[in-house]
Amino acid sequence: SLRFLTTSVVGMSENTYPKPTSDEAVHLLAQSQRILTQKILDGDEADAALGMLQCLVDDHGYSAAWLSMAQIFTEGLHPDYGVDDGRAFEHLLQFLKAELDSRLSDDVAQQLAAVAKDAGPKLVSSLDCLKELVGRCKRDSVKSWLTLALMKAEEKRQAEDPEYQARKARVEEARKHREEAEQRRAAEEAARREGDIQLQRQRLQEAIEDANKLKVAANDLFTAGNLPGAPADMSRRNREEAAELYTQAIEALEEIVSEVETSVQQEGRKTLSVICGNLAQLYISAQQWVEAEQAARRSSDADPSNIKARYRIARALVGRGQHQEAAPVIDSALAGGNLGATQSDFWKLAETVDQALEGGFTWSAQKPKPGVDRDAREREMERRILGTWQYQPKSQFTLRVMPWGALLLCEDKMTVDMRRVSLLRWEGEFEKVPGFEVRIEYDPGTDILRTEFQPPAELAEEGVKEQGSHKFQARRVAEASGETPVPHFYQQGSTEEPVEDGAGREKTGKPRQAVVETQPEAPRDPEPDPVAAQPAAEAPSCLEIVGHASITGTFRRTGEAFNGQHVYFCSDTERYLYFRGGSWGVAARVDHHPLAAPFAARLPDARCSHPAESRRQRWLLGTGAEEHMSRDVVCRVAQPGSERPREDPDLIPKRANGVHEHENGHAGEGAAAGGPQQPSWLVSFVSSPTSLEFRFNATTGPKSIQDLVLAISEQCVRLEFAGENFAVPLPVGGAQPVAKFSKKKCTLCLQF
């Protein structure tokens, strides 16, 4: 207070405030200042001072007195006149109404804005006055402070208005509802989009699986057609069929990839690139350069990171004689680096192009210095591990290379096809137990093989996995006997082109003609399987297989031997029964390679002189992934001197649905040829090694087992109904069956 009053007096002496115009006004101002500057001030004196200042305003028109009164309520001089921002705001506003354009209005407007937030009801009641001052104010600085005070007045009024608060609450609630609705819509849209993406991924995955099946079938056809010794017409036919399968897979997968979103396409594009690359390689092997270039470009478009696709583009261009167009493709690949195993192939193409262009192209990359031939080192290491190895006191295995180039690990009845992982490491999977892996690592310095046997994960979960270590050190106990067969793709004068199978592996394509001409070698006969012994002289001359239409028949010994066992032939199905790879099997031809002559059915791990000798016959039907076990197939020795063992010549069944199904046969036990025909009430009957099933006519046949006369002798079963009888031989001599009659199916089943 003293500071304000002193400032006011000093301001007057310095002419900061305007001086009153009359002596009476000066006298009143001096008296009020004298009272307010006292050290001790009571309530009466404070009232007198305020009255004098109010008189100055009312009677003498001295507007500066409003500032003194505003300062009193801003500072609080007496308990009766404490801090009151509302009254201070009112006094400052009165000064501005009277002296809006004075030199003090800027400071007063700033002070007005400062006390406005705590002015209370005075602020709301002064709203119209503030709007009027803002409207007629000409000084921008003063107008800005007045506008700020007006905004605070508006906020204060709105805060005290119940309707405004209710409206504000409704607006806020509506805003929250909109935000929640938008969030729900966004969540639903995200869920819908995620569901669409999942469906697209599922569709794409199914398409990839279907395309991979076609690709595997095409790979097998292409590889089988390029095996050593394969006929030319077979190679051409297999190549055409493989190209058709590749094309089907590409077109189906391209359609699905084009329909899904870009974020889902990656896996499909990679698979598409692999299949297009395989098709390009097929055309390259056939020297169809235009088709090869088109397929290779489709492979590169599907996956630009596929280096092999760029190599095949360049290879096709070189094959077409377009060396000028091939040079930039090769150069960009060499300049980019990260070519891996294809770097040497690119440089070979570069040399060919350079010779054709007579040095007219400048390469961006520098050819690396020649190093050690890794292929030669790999062949040398593979040759060094061949032989017999012992990893436990009584446990041994043998490593050998087959004529078609496969490295096999053989132990007792187990055979594993090993594939190279690195220079000194190989691994393979035992095909009879999926997931059972074998790994070997060779140490050339100590001539030791580190061996690891890894059972399947599901066996480990069930607790079947053996306890203890599965890692052993194997030492050589015998060198490889005889000359090691050299695979065709290791022979001098030929090279290979890989065909990808989509799992990071490569299959061998057809050897292409080397640049250096060599003298053709005379064809060598396939080497016999060293596991098998010489054919047993007491082996039966006739075997019978029943249980499946494709292999049912009588197989007679041909007099020839294969892999140390006899070969049997069935003239009805034109199939052979012989021993290969530890299994007896039925195939259309006799061949060492399973791709050239796949088994339609095989009896695995049957190391016996003939399959009928196996007491526990579990035949596997089908090939590859379609292979499945059948308990109905049985091989048995045929009776000597009989065309059809254990059957009457007049009761020879036809083959259908995988078992003996008899239709229009002859009836009657011991009846001569040309006896009575099958009765009209019998539609057909099915014979298997353990059962007989008769199917009756639903209209004219028996309705229950009581309607039939059933007689069973030592050799046959006789049925009699409506004056007609029918007899069939027993599959098991002297056995008594259990009969079951089905009214719904109109069948009679005899289970032995």
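Structure's up top.
As a starting point, this report considers the structure included with it.

**Concerning the overall build of the protein**
In terms of helices and strands, the protein carries 18 helices and 30 strands. Looking at the protein as a whole, 42% of its 752 residues qualify as buried. Put simply, of all contacts in the protein between residues at least 6 apart along the chain, 50% involve residues at least 24 apart. Looking at the protein as shown, the accessible area adds up to about 41100 Å², and 48% of this sits on carbon and sulfur atoms.

**Focus on the packing of aromatic side chains**
A full pass over the atoms with the stated rule returns 14 aromatic pairs. Taken together, a centroid distance of 5.5 Å and an interplanar angle of 80° make the contact between tyrosine 311 and phenylalanine 346 edge-to-face. Here tyrosine 311 is found in helix α14 (residues 307-319), whereas its partner phenylalanine 346 is found in helix α16 (residues 343-357), with 35 residues between them in sequence. Given a relative accessible area of 0%, phenylalanine 346 falls into the buried group. Ring centres of tyrosine 391 and phenylalanine 453 lie 5.4 Å apart, and the angle between their planes is 45°; this geometry places the pair in the tilted category. A residue pair is termed long-range when its members are at least 10 positions apart, and tyrosine 391 in strand β1 (residues 387-392) and phenylalanine 453 in strand β7 (residues 448-454) qualify at 62 residues.

**Overview of the state of the cysteines**
This model, assessed by the stated rule, comprises zero disulfides. Of the cysteine sulfurs around cysteine 570, a residue in no disulfide, the closest is that of cysteine 542, at 9.3 Å. The exposure class of cysteine 570 is buried, given its relative accessible area of 1%.

**Quick word on the sheet that holds strand β13 (residues 542-546)**
One open sheet accounts for nine strands, arranged β20-β19-β18-β17-β16-β15-β14-β13-β21; its pairing is antiparallel. Taken across any chain shown, the strands that pair with only one partner, and hence form the sheet edges, are β20 (628-630) and β21 (634-637). Mean inter-strand twist for the sheet, computed between neighbouring axes without regard to direction, equals 30°. Bridging between strand β17 (residues 583-587) and strand β18 (residues 601-603) involves three bridges; their strand directions are antiparallel. Pairing of valine 586 across the sheet is with alanine 601, part of β18.

**Considering helix α13 (residues 289-302)**
If you check α13, its first and last C-alpha atoms are 20 Å apart, about what 14 residues at 1.5 Å a residue would give, namely 20 Å. Every buried residue belonging to α13 is among Trp289, Ala292, Glu293, Ala295, Ala296, Ser299, Ser300 and Ala302, and all of these are buried. Among the structural elements, α12 (265-285) and α14 are those in contact with the buried residues of α13.

**With respect to the nonpolar core**
Of all hydrophobic cores here, the largest spans 52 residues; its most connected members are Leu253, Ile330 and Phe346. Among the secondary structure elements, those contributing two or more residues to this core are α10 (162-225), α11 (232-259), α12, α13, α14, α15 (323-336) and α16. With nine residues, the single largest contributor to this core is α11. Sequence-distant contacts of isoleucine 330, that is, excluding residues within four places in its chain, are made with Ala314, Phe346, Leu349, Ala350, Val353 and Trp363. Judged by nonpolar contacts, the second largest core, of 43 residues, contains Tyr62, Ala64, Ala70 and Phe89.

**Brief notes about the sheet that holds strand β28 (residues 724-729)**
With respect to topology, three strands assemble into an open sheet ordered β26-β27-β28, the strand pairing being antiparallel. The outermost strands of the open sheet, each flanked by one partner alone, are β26 (709-712) and β28. Taken pair by pair, the neighbouring strands of this sheet meet at an average axis angle of 15°, ignoring direction. Pairing analysis gives six bridges linking strand β27 (residues 716-721) to β28, with the strands arranged antiparallel. Residue pairing across strands places valine 717 opposite valine 728, the latter belonging to β28.

**Some details on unusual backbone geometry**
Non-glycine residue aspartate 447 carries a positive phi angle of around 55°. Residue placement: aspartate 447 occurs in the loop between β6 (437-443) and β7. The partly exposed category is assigned to aspartate 447, whose relative accessible area is 27%. Positive phi values are uncommon outside glycine, yet asparagine 563 reaches one of about 55°. Within the fold, asparagine 563 resides in the loop between β14 (553-562) and β15 (565-570).

**Focus: the side chain of glutamate 411**
If you trace the backbone, glutamate 411 turns up in strand β3 (residues 407-411). Here the side chain of glutamate 411 touches tyrosine 391 through a polar contact of 2.6 Å, side chain to side chain.

**Things to note about the environment of valine 738**
In this structure, valine 738 sits in strand β29 (residues 738-742). Separated by twelve residues in the primary sequence, valine 738 and leucine 750 have C-alpha atoms spaced 5.5 Å apart. Apart from the residues within four sequence positions on either side, valine 738 is in contact with Cys749, Leu750 and Gln751.

**Description of the environment of leucine 127**
Following the sequence through the fold, leucine 127 ends up in helix α8 (residues 127-136). Its relative accessible area of 6% is what places leucine 127 among the buried residues. Each C-alpha atom of the pair leucine 127 and glutamate 154 lies 7.3 Å from the other, and the pair is 27 residues apart in sequence. Once you skip the residues sitting within four places of it in the chain, leucine 127 turns out to touch Leu150, Ala153, Glu154 and Arg157.

Conventions and cut-offs
- Numbers given to residues run from 1 along each chain, matching the order in which its sequence is written.
- The model is predicted, so local features are restricted to residues of pLDDT at least 70 and side-chain atom pairs to those at 80 or more, both for listing and for counting; the totals for chains, interfaces and linings are taken over all residues.
- Side-chain descriptors were evaluated using all non-hydrogen atoms of the structure, hydrogens and water having been removed beforehand.
- Elements are defined by DSSP. Helices are runs of H or I of four residues or more, strands are runs of E of two residues or more, and each kind is numbered from the N terminus.
- For each residue, the accessible area found with a 1.4 Å probe, counting protein chains only, is set against the maximum for its type, and the residue is called buried under 20%, exposed over 50%, and partly exposed in between.
- Contacts are assigned to residue pairs that have any heavy atoms within 4.5 Å of one another.
- Note on areas: Shrake-Rupley, 1.4 Å probe, and residue coverage restricted to the protein chains presented here.
- Aromatic contacts are taken between Phe, Tyr and Trp rings whose centres are within 6.5 Å, Trp giving its six-membered ring; a plane angle under 30 degrees counts as stacked, one over 60 as edge-to-face, and the others as tilted.
- To count as a disulfide, a pair of cysteine sulfur atoms needs to be within 2.5 Å.
- Two strands form a pair only when DSSP identifies at least two bridges running between them.
- Axis definition: a line fitted to C-alpha atoms, over the contacting stretch in the case of helices. Angles run 0 to 180 degrees between N-to-C directions.
- Helix span is expected to be 1.5 Å times the residue number reduced by one.
- As used here, the term nonpolar core means buried Ala, Val, Leu, Ile, Met, Phe, Trp, Tyr and Cys residues forming a set that is joined through side-chain atoms within 4.5 Å.
- Whenever two N or O atoms come within 3.5 Å, that pair is a polar contact, provided that in protein one can donate a hydrogen and the other can accept it, and provided that, for residues adjacent in sequence, both atoms are side-chain atoms.

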